[in-house]
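An overview of the molecular structure
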Amino acid sequence: VNLEMTIAISGLGAIPNAPMFQPTAQNQSSAGASFAENLFDVMRQAESTAIAGINGQIPMQDAVLKVMEAERTFAAAMAIKDKAVNAYLELSRMQI
Amino acid sequence: MDPLRFSGEIAFSALQAQSLRMKAVAQNIANAESTGNTPGADPYRRKTVMFQSELERLGIGGGQVKTEVQDDLSAFRLEYNPSHKAADAKGYVKMPNVNMVVEMADMRQSLRSYDANLQVIRQGRSMANGLIELLKSNG
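About the cut-offs
- Residues numbered from 1 in each chain as written.
- Chains lettered and ligands numbered in written order.
- Predicted model: local features only at pLDDT ≥ 70, side-chain atom pairs only at ≥ 80, totals over all residues.
- Heavy atoms only, no water.
- pLDDT = per-residue confidence, 0-100.
- Helix = DSSP H or I, 4+ residues; strand = E, 2+ residues; numbered from the N terminus.
- Axes fitted to C-alpha atoms, helices over the stretch in contact; angles between N-to-C directions.
- Parallel < 35°, antiparallel > 145°, perpendicular 65-115°, else oblique.
- Left-handed = near helix turned anticlockwise from the far one by under 90°.
- Contact = heavy atoms within 4.5 Å.
- Nonpolar A, V, L, I, M, F, W, Y, C, P; charged D, E, K, R; others polar.
- Buried area = accessible area lost by both parts, 1.4 Å probe.
- Salt bridge = Lys/Arg side-chain N within 4 Å of Asp/Glu carboxyl O.
- Polar contact = N/O pair within 3.5 Å; in protein donor to acceptor, adjacent residues only side chain to side chain.
- Phe/Tyr/Trp six-rings, centres within 6.5 Å; stacked < 30°, edge-to-face > 60°.
- Buried < 20%, exposed > 50% of the residue type's maximum accessible area, 1.4 Å probe, protein only.

Residue and element names in this part refer to chain B. Taken over all residues, the pLDDT of chain B has a mean of 87, while the share at 70 or more is 93%. Mean pLDDT across the elements of chain B ranges from a minimum in strand E1 (residues 47-54), with 85, to a maximum in helix H2 (residues 100-136), with 93. On the interface metric, ipTM, the complex scores 0.73, and its pTM is 0.73.

Here you go:
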């Protein structure tokens, strides 16, 4: 996921001859990377919490909460990634 | 913090609080007949869970529920049973101050509250999902 998203978002910034993306190329890729990193952190935390919850080390409610939060974050991130990829495809299909 | 996520956290804290209450009920019912071991000793004392709103920890709006386990200080039941180990000089044994009807009512109430909070979580989730769906649709 990390890789995919970084490519998707930094790829947007790297389109040559696409003036609308040029000025923010640098920002785009670093924002994309930290975004993906943040998402990864959330997923990792959710995973370890879920395991602790299954083992009964922490209340099951805590584990479910963390997993649900991760699920939501992931869904939102995926939606944003799809948007970015779609925008890229839209541009690549454009007749010049 | 995102209010929807926040409401989820509050509801989850309530789920935990109700679980704790359920635990107290289980403890009370299991020990409804637990007496002391020495003559005239106090038997098991009924546990109750006190709920408090926690306003400080999460900043503005707070509202998670905090729990505290307390002893029920009401009087013990006396039962005449001279042969019992915990019987006093007159032959009376102190029995726990657990009332089965009260425990059943408490259990039912805890279930209802748990369900209500689950519903809050479900609703918040569907609201958040609706928002994400909006992001997915084209045009």
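For the pair helix H3 (residues 60-92) of chain A and helix H1 (residues 3-30) of chain B, interaxial distance at closest approach is 10 Å and the crossing angle is 165 degrees. Comparing the axis directions of H3 of chain A and H1 of chain B gives the class roughly antiparallel. Judged by the sense of rotation from one axis to the other, the crossing of H3 of chain A with H1 of chain B is right-handed. Side by side, H3 of chain A and H1 of chain B meet where Gln 61, Asp 62, Val 64, Leu 65, Met 68, Glu 69, Arg 72 and Thr 73 of chain A of the first sit next to Leu 4, Arg 5, Gly 8, Glu 9, Phe 12, Leu 15, Gln 16 and Ser 19 of chain B of the second. Split by residue class, the contact of H3 of chain A with H1 of chain B holds 6 nonpolar, 5 polar and 5 charged.

We now examine the interface of chain B and chain A. Each side of the interface is counted separately: chain B has 19 residues, and chain A has 16 residues. When chain B packs against chain A, close to 1500 Å² is buried across both sides, 57% of that on carbon and sulfur atoms. Along the contact surface separating chain B from chain A lie 1 salt bridge. Across the salt bridge formed by Glu 71 of chain A and Arg 125 of chain B, the nearest N and O atoms sit 2.7 Å from each other. At the junction of chain B and chain A, the tally comes to 6 residue pairs in polar contact (both at pLDDT 80 or more). Those elements that place two or more of their residues in the side of chain B that touches chain A are H1 and H2 of chain B. Along the lines of polarity and charge, the residues of the side of chain B that touches chain A split into 8 nonpolar, 6 polar and 5 charged.

Glancing now at the packing of aromatic side chains. All names here are of chain B. In the structure shown here, the tally under the stated rule is 1 aromatic pair over all chains. Relative to Tyr 92, the ring of Tyr 80 lies with its centre 5.3 Å away and its plane at 65 degrees, an arrangement referred to as edge-to-face. A residue pair is termed long-range when its members are at least 10 positions apart, and Tyr 80 in strand E3 (residues 77-80) and Tyr 92 in strand E4 (residues 92-95) qualify at 12 residues. Residue classification places Tyr 80 among the exposed positions, given a relative accessible area of 55%. On the basis of relative accessibility, which here comes to 35%, the residue Tyr 92 falls in the partly exposed class.

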